[in-house]
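Residue-level structure breakdown
Residue-level listing of the chains:
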Amino acid sequence: MKNPQTTLPAGKKTASPGRARWWILGWLLAAMMINYMDRSSLSIAAPHMIDELGLTAADIGLLGTAFSLTYAFFQLPGGWLTDRLGAKPVYVMALGFWSIATSLMAFGHHMWHFMVSRILLGVFEAPVSPTSAKIVAEWFPPRERGAAVGVYDSGSKWGPAVAPPILTFLILGFGWRAMFVILGVLGVIVAIGFWAFYRSPEHDRRVSEAELEHIRAREEDDNAPTGHIPWLKLFTKPQTWAMVLGFVAVVWTLNIFVTFLPLMLNDIYSVADAALGWYTAIPFAVGGIGGILGGWFTTKYSKIREHLAPLACKRQIAAVYGGALAICSILVGITTGHFVLQLVAMSLALFFCGALSAVGWSIPADVVTGSRVASLGSIQNFGGYFAGSLSPWLTGILVTTTDSYLVPFILGAVVAVIAGIAYLLLLRAPIRVADSSPENGDVTS
């Protein structure tokens with residue numbers, strides 16, 4: 001007999017009545033790419049900043065950790081504000097102000113200048129992922145969210161992939177300071193466009209009545225989350241901690257690559273500036289493909305195994321991706337000195353990192369009702385970045401003291417194994433509570 005908390009009625013299929021909902025992913029993808037280009041800009045400029053200003057690898061790692069910690073802590077108010085004020089205003093303000101923070105890097109001359117800029121970047125980038133998850137929850141039914149999240153979340157890999165060749169070109173042509181300004185202007189332009197053109201499904205003229213009904217459809221079973229859970233009570237649920245522990249693996253791995261990949265290739269293989277951007281782009285491009293394919297496979301698997309609830313399918317897939325990420329992380333460490341092999345290992349690690357991230361961001365809407373999707377997503381991201389913020393700092397210290405990248409990637413493998421186990425053991429059912437109405441202005445409601 002099947003467990004009613006993990007099964008669905010067989011033979012239940014819904015035809016797709018339109019495609020307007022898929023176009024919305026273009027905005028989310030563009031903003032996510034800019035988001036991660038802004039983060040990656042430090043690693044691209046790092047060799048020039050070290051030469052010109054006398055900074056060290058440990059300084060660059062500290063700047064990465066300062067961003068990650070700030071980004072982590074501001075997840076919580078960012079997600080709550082999104083659920084309270086709505087996705088559009090929070091998204092536009094975040095994108096505009098983080099772009100300004102990126103431009104401020106161009107005017108720095110001392111370590112504290114750059115520290116302030118990276119902290120501001122962390123503050124204003126914090127709402128982007130939980131807000132994106134909320135937008136997907138508003139535009140897509142449960143079984144399509146894996147593919148949808150995979151598309152926009154792949155921007156977290158496409159951004160670092162296109163950043164090296166583009167930003168290296170800008171640095172060689174205009175200098176590293178001008179690069180930060182150009183990135184900031186690009187972000188402000190996208191923010192203005194999003195404000196002008198984005199609409200909710202109910203107010204978008206491209207959405208037909210049939211498609212709107214399709215978007216609003218949920219599985220008619222006992223597996224859907226129900227009720228409004230108080231914000232603080234989210235921290236008492238095992239589902240929340242499964243998502244947090246799972247996302248630590250994504251952030252740990254991604255932070256190392258975003259902060260140190262160009263430096264790794266330069267330090268280990270003495271790759272010249274002209275080629276550095278292209279070689280750096282390869283693993284991140286593969287990571288972007290991993291995000292799209294990982295999300296697509298999640299949706300495909302969910303439809304094939306339609307007797308299982310979407311959440312049950314996703315926790316199984318997330319555990320597999322976590323194990324694969326662990327294996328690839330070890331391979332990155334042990335192939336040092338073999339350029340092609342290590343580049344392949346890096347690419348595979350980011351492939352499964354992207355796939356795991358896509359699954360992770362499709363889960364919040366299957367665990368809680370719409371009124372708490374951004375809040376739960378922000379808690380997931382907070383935990384991931386709070387713990388994952390240690391990876392740039394530890395990597396910088398270990399590289400400086402041991403002249404090796406082996407240990408950080410072994411630690412990343414351990415974290416990935418823990419992630420897979422957490423998904424399997426703790427993420428068994430959605431949160432279902434007696435319905436209650438939140439009180440305006442009460443953060444605990």
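Refer to the structure presented above.
Definitions and cut-offs
Residues numbered from 1 in each chain as written. Predicted model: local features only at pLDDT ≥ 70, side-chain atom pairs only at ≥ 80, totals over all residues. Heavy atoms only, no water. Core = buried A, V, L, I, M, F, W, Y, C linked by side-chain atoms within 4.5 Å. Buried < 20%, exposed > 50% of the residue type's maximum accessible area, 1.4 Å probe, protein only. Helix = DSSP H or I, 4+ residues; strand = E, 2+ residues; numbered from the N terminus. Contact = heavy atoms within 4.5 Å. Salt bridge = Lys/Arg side-chain N within 4 Å of Asp/Glu carboxyl O.

All right, on to the nonpolar core then. If you look at the biggest cluster of nonpolar residues, it comprises 105 residues, and the most contacted ones within it are Phe-257 and Val-367. Among the elements that take part in this core, helix H11 (residues 238-269) stands out by supplying 18 residues, more than any other. If near-sequence neighbours (up to four positions away) are discounted, Phe-257 is found in contact with Pro-262, Phe-284, Val-332, Met-346, Ala-349, Leu-350 and Phe-409.

A separate point is the environment of Ile-334. Residue placement: Ile-334 occurs in helix H13 (residues 310-334). Looking at Ile-334, the relative accessible area reads 55%, which means it is exposed. Between the C-alpha atom of Ile-334 and that of Tyr-405, which follows or precedes it by 71 residues, the distance is 9.2 Å.

With that out of the way, let us pick up the environment of Cys-353. Mapping Cys-353 onto the fold places it in helix H14 (residues 339-362). Note on Cys-353: relative accessible area 0%, which makes it buried. Separated by 63 residues in the primary sequence, Cys-353 and Ala-416 place their C-alpha atoms 9.4 Å from one another. Apart from residues no more than four positions distant in its own chain, Cys-353 is found in contact with Lys-157, Val-250, Thr-253, Leu-254 and Leu-325.

Okay, the pattern of salt bridges next. Scanning the entire structure with this criterion turns up 5 salt bridges. Residue Glu-211 is joined to Arg-21 by a salt bridge in which the shortest nitrogen-to-oxygen separation is 2.8 Å. With Glu-211 in helix H10 (residues 209-216) and Arg-21 in helix H1 (residues 20-53), this residue pair connects regions lying 190 residues apart in the sequence. By the burial criterion, Glu-211 is buried, and Arg-21 matches it. Among the ionic pairs, Lys-314 bridges to Asp-366, the shortest N-O distance being 2.3 Å. Taken together, the positions of Lys-314 in helix H13 and Asp-366 in helix H15 (residues 364-367) put the pair 52 residues apart, joining distant regions of the chain. For the pair Lys-314 and Asp-366, one class covers both residues: buried.

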